[in-house]
Each structure stands twice: as C-alpha cells, then as structure tokens.
Amino acid sequence: MCLMNICLVESTKESEESDLVVMSQTRKRCRRIFRPTWLIFVTICVCCLIHIHQVYTASRQMVGLKKRHKSMLFLSQERKMRQGRALELVVPPQEEDVADVDKNPANCDAKKSVFFLKTHKTGSTTVTNVILRYAEKHHLSVGLPPLRHWQLGGYPSFFDPKIVDPQLPVYDVLCHHMRYDHVTVRKVLPLNAVSVTILRDPTANFESGFSFFRDWPYPQWFDNASAPDSLRRFLDHPDSFYNKSTPWHFRAKNYMSFDLGFDNERDDLQYAESLIGEVEARFNLVMITERMEESLILLKDLLCMDSFDEILHIRLKVRQNSARREVSSRMRDQMMTWNLLDTNLYNHFNKTLDSKIASYGKERMGAELRKFREMLDKIEEKCVLYYDELHLKPWISRIKLKRNSGDFCDKLSWGEVKFGDFIRNFQRHHIDTAALPQLSNDEINQLLRHAQEKVIGEKASLYSA
C-alpha cells in the first residue's frame, strides 16, 4: 500500500509538470515495480515471518507444558510415596495367591507387610518375636488378639477379622495363633504381603504337644496323662482314646494341619498330597523348626531386613528336660501314621527348603550361617543368666536375664502375648483407626468367647492353655 501511494503521488506531480508522455513513463515505472515476481517475493517473505513467529510461540508453550507436566508428575509421585501406607489401609485387596510376590532385589524395600501363620509347638513364638520387632521398627499396623490373649480372630474357630484389635480394613502384619482361612485372611492383607508359616518334624511336634497341653484333651483321656507310659499307650490304640466330643481334641491329630485350616481328621493319601499344592500356592516360605537358623536367614532375605540383628533370638517356651519323653523308633512310626497329613507336609517342605537354599546359594548360606550362629552364641551369653521354671507351668523354662543386660535382651525374651500388648500401646501413636468403629476389649473378648464356644464348648472357652 505504501508503494502504491508513492507511485500515485509521483504520478500526480508529474501530470501537473509534464505532458501525457511523462505520465505514461511514470505508469510504466510503477508497473515495473509491481511485476508478478516482486509480488511473489514479498508474499513469501511475509509468510515466512508469520511461520517463524508461530513456531517460536508454539515452542515456548511446549516447554512450559513439559515443565508443568514434570512438576505435576513429581508431586504426584511424592504424594503416592507419602500416602502409600494409608492407601494400603483403605483399599481392600482382591484375593490372589501370594507365591508370585516379586523377588526382584530392586523392589526389596517395598516388602513391608508380612503374614505369619503361627502353628503350635513348632518354635513359632521365636519367629513371632522376630516379626513383631520388624513391625515395631517399620511402624506397621499389627492385628492383635484381645488384651492378655494369644488367640487371634476367634481361634480355634476359623479366622474372623471382627475379632481383631484394632479394627482396620487392612493389616500390615498378622502373626498370632489363628486357624487359617485363606479367602478371609487375604482380604485383610496388602497384595504384596509376604506369607510365611513353619512346620516341625511331626513326631517331635506330637510328643511336644502331648507333654505340653495339660488342660485339654489328654487329662480327660487318662487317669494320669503325665505318666511315663501314657504316650505309648495312646499310640498303641489312638482310636480308643481320641474322642471328638472332648474340648480341644484336634490337638491330638494333625495339629499343624488344623492350624493351616485343613480337615485334620482326614487320613487318605490323596487328600494329604492335595494339601501340598495349596500350601505352595499360599505361602512364600515354609520354615522348618529343625533348621531354624537357615529358615530365619531366608526370612531375612524375603523381608529385606537390614541386618542379622533383626533375626537374633533366644529360645522361648523351652520345655524342661524332665518333661521330655523317650520315643522309640516304633513310636515314631506310629506318630507319623497317626499324623499322616502333618507328615506329608513336613517331608515335602523339608525338601523344598533344600531347593530354596540352593537358589539362595549354598556357599553363601554356609558363610552366613556360621556368622549368624556366632552372633546367637554371643547374644545368649550377653542376655541369659539361666533358664528357670515358669511359675504357672513348671514344665516350661522361664528365661532369667542377666542384670543390666539391656532393653534389647529384655525384648528378646517376650512371648507373643506380652509383645502383642506392647505393640497395642505402641501403634496407637501411628495407626489411624478412623476407618472403622472400634470395639472395646470387653466386646472383643465376648466375641472371642462366642466363637470358641462353637468349637470347644462353653466350659473350655473360659480357660485356654
């Protein structure tokens, strides 16, 4: 437009000063300026300038979007890390088998949830002490029995989450005695929870239970269940003694299988073999009492514990030597036959432990085992003065600690009831119980008693060994 105006002005002036020839020459000069090639060149330049401006503006906008996205992503990840524990407490997991829990060491620090099925007379109190120390260290939520009790979820009835203190949608840790119900238990555990149990040689387990349980059922079946020949007499004719109407009768047959939630009175081999697959699918590790140190090292690895200090222990609930019985090879065979389910499970998972040690590394296990046993000797020397008789159960050894041995030694000596009551008070400061209304201890006790009455009767539910 500017050029046009110039040409028009120039043309007007020349028309006033010259003749038509001059005007004609001026028009020709203007036409030369506005030849098509010049128009194309100007158009291209304008378009290029517009395009450059648009690209520059768009690039600045993209950089801003990337920065905002990166910032939002970082904040989102940070919030997830902060809220991770809360999310586990409010989102109930779906049922799934747990044998597929990721074993990648890179994700090791995420394994902070553990379920330990505490079986009877297997050294399980020692393992529970280890796990409760782990829970205390990481401020994990622990489902507990009522105050001064060992029975979790209504034991010996199947596990009922309503009979757990505190009431939470999901627990990080369950490790007290329960009768396992796979579907129900998985609903109150995080999806990544590690599941562990422990088995003992069924002959040693049965002999230990026979001598330990002095309330039910053996005193009801013998004039003197503590007599030296009572175990032999039972094994010679178990069917003549075993009475299903007696409270706690299931202690006398496949008691480990009972705790695992199976039908402990089944004797057929096909059923016994089917249990192996179920246990393999449901548990990441089956510990073996006779190989406690190796089992604890594998547990340490599975739970990504920081050091051997976390699996240190001293022997808990050890029987006095005077309470042990002589067991002949014939009696061992009889105990294995009578406890067919327990025998099959133990034999299989004792071999399975060999394969887990092979995967862990035999040389590595050997070296760590030597180190761990040295530490166990030192901690017992540091902590234990001697083993004394337990006041209420004189056939069980009570640990007498050395004077001024320290808080750590004191905690190592705690059984599941004392430690559980400590955790009950400890976790009140860091566990949010607002998700569900809470029951009083008396209300939980009442629910426990009702659940027990259905299995062992009213009289026996008033007192449990």
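Residues numbered from 1 in each chain as written. Predicted model: local features only at pLDDT ≥ 70, side-chain atom pairs only at ≥ 80, totals over all residues. Heavy atoms only, no water.

S.K.: Lay out the environment of Pro166 with the relevant residues and their values.
M.R.: Mapped onto the fold, Pro166 is located in the loop between α4 (124–138) and β2 (173–174). Accessibility expressed as a relative area gives 9% for Pro166, which makes it buried. For the pair Pro166 and Pro146, spaced 20 residues apart in sequence, the C-alpha separation works out to 9.1 Å. (Helix = DSSP H or I, 4+ residues; strand = E, 2+ residues; numbered from the N terminus. Buried < 20%, exposed > 50% of the residue type's maximum accessible area, 1.4 Å probe, protein only.)

S.K.: Tell me about empty space enclosed by the protein, residues and numbers included.
M.R.: On inspection of all chains with the given rule, the structure shows one cavity of 30 Å³ or more. Considered as a void within the structure, the largest cavity measures approximately 70 Å³ in volume. In terms of residue class, the lining of the largest cavity is made up of six nonpolar, four polar and three charged. (1 Å grid on protein atoms, 1.4 Å probe; cavity = no way out; pocket = protein on both sides within 12 Å on 5 of 7 lines; lining within 4 Å. Points joined across faces, edges and corners; volume = space filled by probe spheres on them. Nonpolar A, V, L, I, M, F, W, Y, C, P; charged D, E, K, R; others polar.)

S.K.: I'd like a description of the packing of helix α6 (residues 202–212) against helix α13 (residues 329–338), backed by residues and values.
M.R.: Between α6 and α13, the shortest axis-to-axis distance is 9 Å and the interhelical angle comes to 90 degrees. If you check the angle between α6 and α13, you find them roughly perpendicular. Contacts between α6 and α13 involve Thr203, Phe206 and Glu207 on the former and, on the latter, Arg332, Met335, Met336 and Trp338. For the contact of α6 with α13, the class distribution of residues is four nonpolar, one polar and two charged. (Axes fitted to C-alpha atoms, helices over the stretch in contact; angles between N-to-C directions. Parallel < 35°, antiparallel > 145°, perpendicular 65-115°, else oblique. Contact = heavy atoms within 4.5 Å.)

S.K.: Please provide a residue-by-residue account of α6, values included.
M.R.: Burial analysis of α6 places ten of its eleven residues in the buried class, which makes it a mostly covered element. Where α6 is buried, its residues contact α7 (218–221), α8 (230–236), α10 (255–259), α13 and α14 (340–360).

S.K.: An account of helix α18 (residues 441–456) is requested, with residue identities and associated values reported.
M.R.: For α18, which comprises 16 residues, the first-to-last C-alpha distance of 22 Å matches the rise-based estimate of 22 Å (1.5 Å per residue) to within 8%. Among the residues of α18, Ile444, Asn445, Leu448, Ala451, Gln452 and Ile456 are the ones counted as buried. Burial along α18 is one-sided: seen end-on, the buried residues are contained in an arc of 130 degrees. Opposite the buried face of α18, at more than 90 degrees from it, the exposed residues are Asp442 and Lys454. Looking one or two residues beyond α18, the residue adopting positive phi is Gly457, at roughly 90 degrees. (Expected span 1.5 Å × (residues − 1). Arc of directions from axis to C-beta.)

S.K.: Describe the sheet that holds strand β1 (residues 114–117), naming the residues involved and giving the relevant values.
M.R.: If you trace the four strands from one edge of the open sheet to the other, you get β2-β1-β3-β4, paired in parallel fashion. In this open sheet, the two edge strands, each paired with only one partner strand, are β2 and β4 (285–288). Note that β1 and strand β3 (residues 194–199) share four bridges and pair parallel. Looking at the pairing, Phe116 lines up with Val196 of β3. Where α4 meets the sheet, it contacts β1, β2, β3 and β4, and its direction lies at approximately 165 degrees from that of β1. (Pairing = 2+ DSSP bridges.)

S.K.: Which residues make up the pairing of β4, and what values do they have?
M.R.: The side chains of a regular strand alternate, first on one face of the sheet and then on the other. Neither face of β4 is exposed, since Leu285 and Met287 on one face and Val286 and Ile288 on the opposite face are all buried. Both β3 and β4 contribute to a ladder of four bridges, which runs parallel. Residue pairing across strands places Thr197 opposite Val286, the latter belonging to β4.

S.K.: Lay out the pattern of salt bridges with the relevant residues and their values.
M.R.: This structure, assessed with the given rule, holds 19 salt bridges. For Glu278, the salt bridge is made with Arg282, and the minimal N-O distance between the two is 3.1 Å. Taken as a pair, Glu278 and Arg282 lie in helix α11 (residues 269–282) at a separation of four residues, close to a single helical turn. Asp421 is paired through a salt bridge with Arg424; the nearest N and O atoms lie 2.8 Å apart. Remark: Arg424 and Asp421 occur in helix α17 (residues 416–426); sequence separation between them is three residues, near one turn of the helix. The two residues Asp421 and Arg424 agree in class, both being buried. Among the charged side chains, a network of salt bridges with common partners joins Asp229, Arg232, Asp236 and Arg330. (Salt bridge = Lys/Arg side-chain N within 4 Å of Asp/Glu carboxyl O.)

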